[in-house]
Amino acid sequence: MQIKSELARGEIRNLYVLYGAERFLILHYAAEIEAACRAEKTVFGGGNAAEIIMAAESVGFSAEKRLIFVRDSGFFAAGRKDESEKMAEYFAKIPPDTTLVFTESEIDKRTKAFKAAAKWGATVECAPLNPADLAKWLGVIVKKKGKSFASGAAQYFLRTCGSDMANLANEAEKLIHFCGERSEISAQDIDEICTPTLEARIFDLTKAMGAGRTADALRLYNDMLFLKESPYMILTMMIRQLRIILLCKVQKETPRAQLAKELKIMEFVIPEALSHGKRFSEEQLIAALEKCLDTDVRMKTGLIAPEIGVEMLLLSIA
């Protein structure tokens with residue numbers, strides 16, 4: 001928020017390090033900085049300290065200011081000590097008419113380069129947003145196009161499309177066009193036009209299994225195979241989902257926010273997992289997980305074809 005306020009006032013720093021797991025936010029803030037700078041731009045697709053310093057010190061030809069983007073330099077992670085220390089030393093000497101922007105996927109805050117960047121510039125962690133903030137962000141996106149989510153539809157949208165912001169932005173755009181003149185986006189609209197993530201499909205699969213709807217479970221599985229999903233990945237995700245259901249069931253007295261953090265899931269997943277858990281006993285869930293692990297071993301040792309192995313597993317659990 002501080003960086004956004006500074007950019008809005010036209011205050012441009014000489015150094016930014018944008019890092020974290022949410023690539024969409026990194027690219028978003030990089031674009032905001034570029035728009036605010038209005039400078040001659042140079043892009044480096046990697047890290048070479050001497051070349052970057054030379055570019056930062058060179059005289060601009062078509063603009064008074066220089067803007068240098070460096071993507072995944074490696075200066076802020078272990079393994080490039082000499083280059084990292086060169087850049088760390090230079091961060092205190094960046095010319096006033098130059099802005100360096102590093103966009104990094106790997107960061108070690110103990111490196112000299114990161115400590116120097118925090119001292120002489122701005123280090124901005126672009127972490128994944130929590131569900132509440134994602135819902136607010138989605139609300140802003142659709143509001144700009146004269147739309148709004150019906151009650152519960154924003155959370156259903158997140159459950160269906162996941163938490164990756166780039167994917168959510170694309171799916172939201174599809175929804176906006178699909179709704180046409182209608183101002184409200186419903187769960188039915190999401191089902192009609194949005195592409196569910198593999199996690200959402202597995203969620204529906206385990207729900208069908210728990211309800212004993214074997215035909216629906218097999219249909220969902222065959223749909224995933226048609227979409228070229230790997231049986232190994234489907235099995236891995238099934239194990240994860242069954243494990244979440246079991247742990248939510250066992251720890252149902254734990255505060256939801258704490259449980260969501262421990263399990264690394266969105267908080268709104270917990271009540272749905274608890275609902276699924278009502279259809280299984282703890283013993284059934286443990287037995288289902290044991291069957292999954294046995295199937296995994298048989299598939300990987302060639303005792304059974306992967307597609308057939310997962311199908312037989314579904315039949316035995318459902």
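Remember, predicted model here, so these are calculated numbers, not experimental data.

Scanning the protein chain from terminus to terminus reveals 16 helices and seven strands. The C-alpha extent of the protein chain, read off along each of the three principal axes, is 70 × 55 × 40 Å. When burial is assessed residue by residue, the protein chain has 43% of its 318 residues classed as buried. Within the protein chain, contacts between residues separated by at least 24 positions form 73% of all contacts whose residues are at least 6 apart in sequence. Roughly 16900 Å² of accessible area belongs to the protein chain as shown, and the carbon and sulfur atoms make up 52% of that amount. Considering the protein chain, the positive charge centre built from 43 side chains and the negative charge centre built from 44 side chains are found 3 Å apart.

A word on the packing of helix H15 (residues 282-300) against helix H16 (residues 306-317). Packing of H15 against H16 brings their axes to within 10 Å, and their N-to-C directions diverge by 165 degrees. Here H16 runs roughly antiparallel to H15, going by the angle between their axes. Crossing of H15 over H16 shows right-handed handedness. Residue-level inspection shows Ala288, Lys291, Cys292, Thr295 and Met299 of H15 in contact with H16, the latter providing Pro306, Gly309, Val310, Leu313, Ser316 and Ile317. Considering only residue class, the contact of H15 with H16 consists of seven nonpolar, three polar and one charged.

A regular strand places its side chains on the two faces of the sheet in alternate fashion. Counting buried positions along strand E1 (residues 15-19) yields five of five residues, so the element is predominantly enclosed. On E1, burial covers both faces: Leu15, Val17 and Tyr19 on one face and Tyr16 and Leu18 on the other are all buried. Here five bridges tie E1 to strand E4 (residues 98-104), and the two strands are oriented parallel to one another. Within the sheet, the bridge partner assigned to valine 17 lies in E4 and is phenylalanine 102. As judged from the four bridges shared by E1 and strand E5 (residues 122-125), these two strands associate in the parallel manner. Looking across to E5, one finds that valine 17 is bridged to threonine 123.

The next thing to look at is the packing of aromatic side chains. Counted by the stated rule, this structure contains seven aromatic pairs. Between phenylalanine 75 and phenylalanine 102 the ring centres are 6.1 Å apart and the planes differ by 70 degrees, which places this aromatic pair in the edge-to-face class. Highlighted residues: phenylalanine 75 in the loop between strand E3 (66-71) and helix H4 (81-90) and phenylalanine 102 in strand E4, separated in sequence by 27 residues. Phenylalanine 102 matches phenylalanine 75 in its accessibility class, with the two residues each being buried. Three or more aromatic residues link up through ring pairs in this structure, and these residues are Phe75, Phe76, Phe91 and Phe102.

With phi around 45 degrees, aspartate 72 is a residue other than glycine that occupies positive phi space. Checked against the element boundaries, aspartate 72 lands in the loop between E3 and H4. The class for aspartate 72 is partly exposed, based on a relative accessible area of 38%.

In the structure shown here, the tally under the stated rule is 17 salt bridges. We note a salt bridge from lysine 41 to glutamate 34, for which the minimum N-O separation is 3.1 Å. Exposure remark for lysine 41: the relative accessible area of 41% places this residue in the partly exposed category. Where aspartate 189 meets arginine 182, a salt bridge forms, and the shortest distance between an N and an O atom there is 2.9 Å. Relative accessible area serves as the criterion here: at 6%, aspartate 189 is assigned to the buried category.

Right, let's get into the packing of helix H12 (residues 231-250) against H16. H16 packs onto H12 with a crossing angle of 30 degrees between their chain directions and a minimal axis gap of 9 Å. One finds that H12 runs roughly parallel with respect to H16. For the pair H12 and H16, contact is made by Pro231, Tyr232, Ile234, Leu235 and Met238 and by Pro306, Glu307, Val310, Leu313 and Leu314, respectively. Per-class residue counts for the contact of H12 with H16 are nine nonpolar, no polar and one charged.

Okay, the nonpolar core next. Counting residues in each nonpolar core, the largest one holds 78 residues, and the members touching the most others are Phe149, Phe157, Leu205 and Met238. For this core, the element with the most residues is H12, which contributes nine residues. The contacts of leucine 205, once residues within four sequence positions are left out, are Ala217, Leu220, Tyr221, Met224, Met238 and Leu314. Of all hydrophobic cores here, the second largest spans 23 residues; its members include Val70, Phe75, Phe76 and Ile94.

Time to look at the sheet that holds E3. Pairing is parallel in the open sheet, where five strands are placed in the order E2-E3-E4-E1-E5. The open sheet has two free edges, formed respectively by strand E2 (40-44) and E5, since each of these has just one partner strand. Direction aside, neighbouring strands of the sheet carry axes that sit 15 degrees apart on average. Relative to E4, helix H2 (residues 23-37) is tilted by about 170 degrees, and along the sheet it contacts E1, E2, E3 and E4.

Quick look at the side chain of threonine 103 now. On the secondary structure map, threonine 103 appears in strand E4. The class for threonine 103 is buried, based on a relative accessible area of 5%. Leaving out residues up to four positions away in the same chain, threonine 103 has contacts with Leu18, Arg23, Ile26, Ala30, Val70, Arg71 and Asp72.

How each quantity is defined
Residues numbered from 1 in each chain as written. Predicted model: local features only at pLDDT ≥ 70, side-chain atom pairs only at ≥ 80, totals over all residues. Heavy atoms only, no water. Helix = DSSP H or I, 4+ residues; strand = E, 2+ residues; numbered from the N terminus. Buried < 20%, exposed > 50% of the residue type's maximum accessible area, 1.4 Å probe, protein only. Contact = heavy atoms within 4.5 Å. Areas by Shrake-Rupley, 256 points an atom, 1.4 Å probe, with all protein chains shown as cover. Lys, Arg positive; Asp, Glu negative; His and termini not counted. Charge placed at Lys NZ, Arg CZ, Asp CG, Glu CD. Axes fitted to C-alpha atoms, helices over the stretch in contact; angles between N-to-C directions. Parallel < 35°, antiparallel > 145°, perpendicular 65-115°, else oblique. Left-handed = near helix turned anticlockwise from the far one by under 90°. Nonpolar A, V, L, I, M, F, W, Y, C, P; charged D, E, K, R; others polar. Pairing = 2+ DSSP bridges. Phe/Tyr/Trp six-rings, centres within 6.5 Å; stacked < 30°, edge-to-face > 60°. Salt bridge = Lys/Arg side-chain N within 4 Å of Asp/Glu carboxyl O. Core = buried A, V, L, I, M, F, W, Y, C linked by side-chain atoms within 4.5 Å.

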